[in-house]
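Here is how the chains run, residue by residue.
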Amino acid sequence: MAGIGSYLKKHTEALVKDVGIEPACELTGKSKATLGRYYSDHPEHADRFMPIDAVVNLEKSAGYPHVTGALAELQGMSISKDERRPNDTPSSGVNSDVIALSQRFAMLMSEYQQSIEDGIITVNEAKRLLRETSMLQQVLIDMKLHLEDENVGS
């Protein structure tokens, strides 16, 4: 349990620092000292963790859901963000999905080609490849759902 607690405290600290200590205090209604205790590695604070409602309030303002991501990783899972804009027009069916799939695959291959040109894939290049892979995955999920809808109707 000590390893898990330490891991969660590190991600709690990353969350508070991502948001900023002053805004974190305002969003959670907690003092700087209290927030500090939630990620302190001192033995007297080993059993103190940030309440989940405070985590939710901070993660809404953070650039990344640090604690939620850590919890997912501890369970052998991962989280992903659907980066499509809400005003994107949804595809009208499998035909549109096939077109979107080919376009996304082409974008992934383009990113890969650019990334591998010098023989080394940097961290930023890997992040771009991962983002494109996730977008390709989302197109496949949409396609799967459309195919399931068409099969239910038959």
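Here the structure is shown first, and the text comes after it.
Because the structure is predicted, anything quoted here is derived from the model rather than measured.

A. Representation of the nonpolar core within the structure. Counting 14 residues, the largest nonpolar core has Leu 15, Val 16, Val 19, Ala 24, Leu 35, Met 50 and Leu 58 as the members making the most contacts within it. Counting only elements with at least two residues in this core, the list comes to helix H1 (2-19), helix H2 (21-28), helix H3 (32-39) and helix H4 (52-61). Setting aside residues no more than four positions away along its own chain, Leu 35 makes contact with Ile 21, Ala 24, Cys 25, Thr 28, Lys 30 and Met 50.

B. The packing of H2 against H3, seen in detail. For the pair H2 and H3, interaxial distance at closest approach is 9 Å and the crossing angle is 100°. Taken together, the axes of H2 and H3 lie roughly perpendicular to each other. Residues Ile 21, Glu 22, Ala 24, Cys 25 and Thr 28 of H2 touch H3, and the partners they reach there are Lys 32, Leu 35 and Tyr 39. Split by residue class, the contact of H2 with H3 holds five nonpolar, one polar and two charged.

C. Spotlight on the packing of H2 against H4. Following both chains from N to C, one finds H2 and H4 inclined at 130°, their axes separated by 9 Å at the closest point. For the element pair H2 / H4, the angle class is oblique. Judged by the twist between their axes, the crossing of H2 over H4 is right-handed. Contacts from Ala 24, Leu 27 and Thr 28 of H2 reach H4 at Ala 54, Asn 57, Leu 58 and Ser 61.

D. Inspection of the pattern of salt bridges at higher detail. For the structure shown, the criterion picks out five salt bridges. For Arg 104, the salt bridge identified is with Glu 132, shortest N-O distance 2.9 Å. Taken together, the residues Arg 104 in helix H6 (residues 94-116) and Glu 132 in helix H7 (residues 123-153) connect sequence positions 28 residues apart. There is no split in this pair, since Arg 104 and Glu 132 are both buried. With its nearest N and O atoms 3.3 Å apart, the salt bridge here joins Lys 144 to Glu 148. Of this pair, Lys 144 and Glu 148 both sit in helix H7, four residues apart, which is roughly one turn of the helix. Judged by its relative accessible area of 49%, Lys 144 falls in the partly exposed class.

Cut-offs applied
- Residues numbered from 1 in each chain as written.
- Predicted model: local features only at pLDDT ≥ 70, side-chain atom pairs only at ≥ 80, totals over all residues.
- Heavy atoms only, no water.
- Core = buried A, V, L, I, M, F, W, Y, C linked by side-chain atoms within 4.5 Å.
- Buried < 20%, exposed > 50% of the residue type's maximum accessible area, 1.4 Å probe, protein only.
- Helix = DSSP H or I, 4+ residues; strand = E, 2+ residues; numbered from the N terminus.
- Contact = heavy atoms within 4.5 Å.
- Axes fitted to C-alpha atoms, helices over the stretch in contact; angles between N-to-C directions.
- Parallel < 35°, antiparallel > 145°, perpendicular 65-115°, else oblique.
- Nonpolar A, V, L, I, M, F, W, Y, C, P; charged D, E, K, R; others polar.
- Left-handed = near helix turned anticlockwise from the far one by under 90°.
- Salt bridge = Lys/Arg side-chain N within 4 Å of Asp/Glu carboxyl O.

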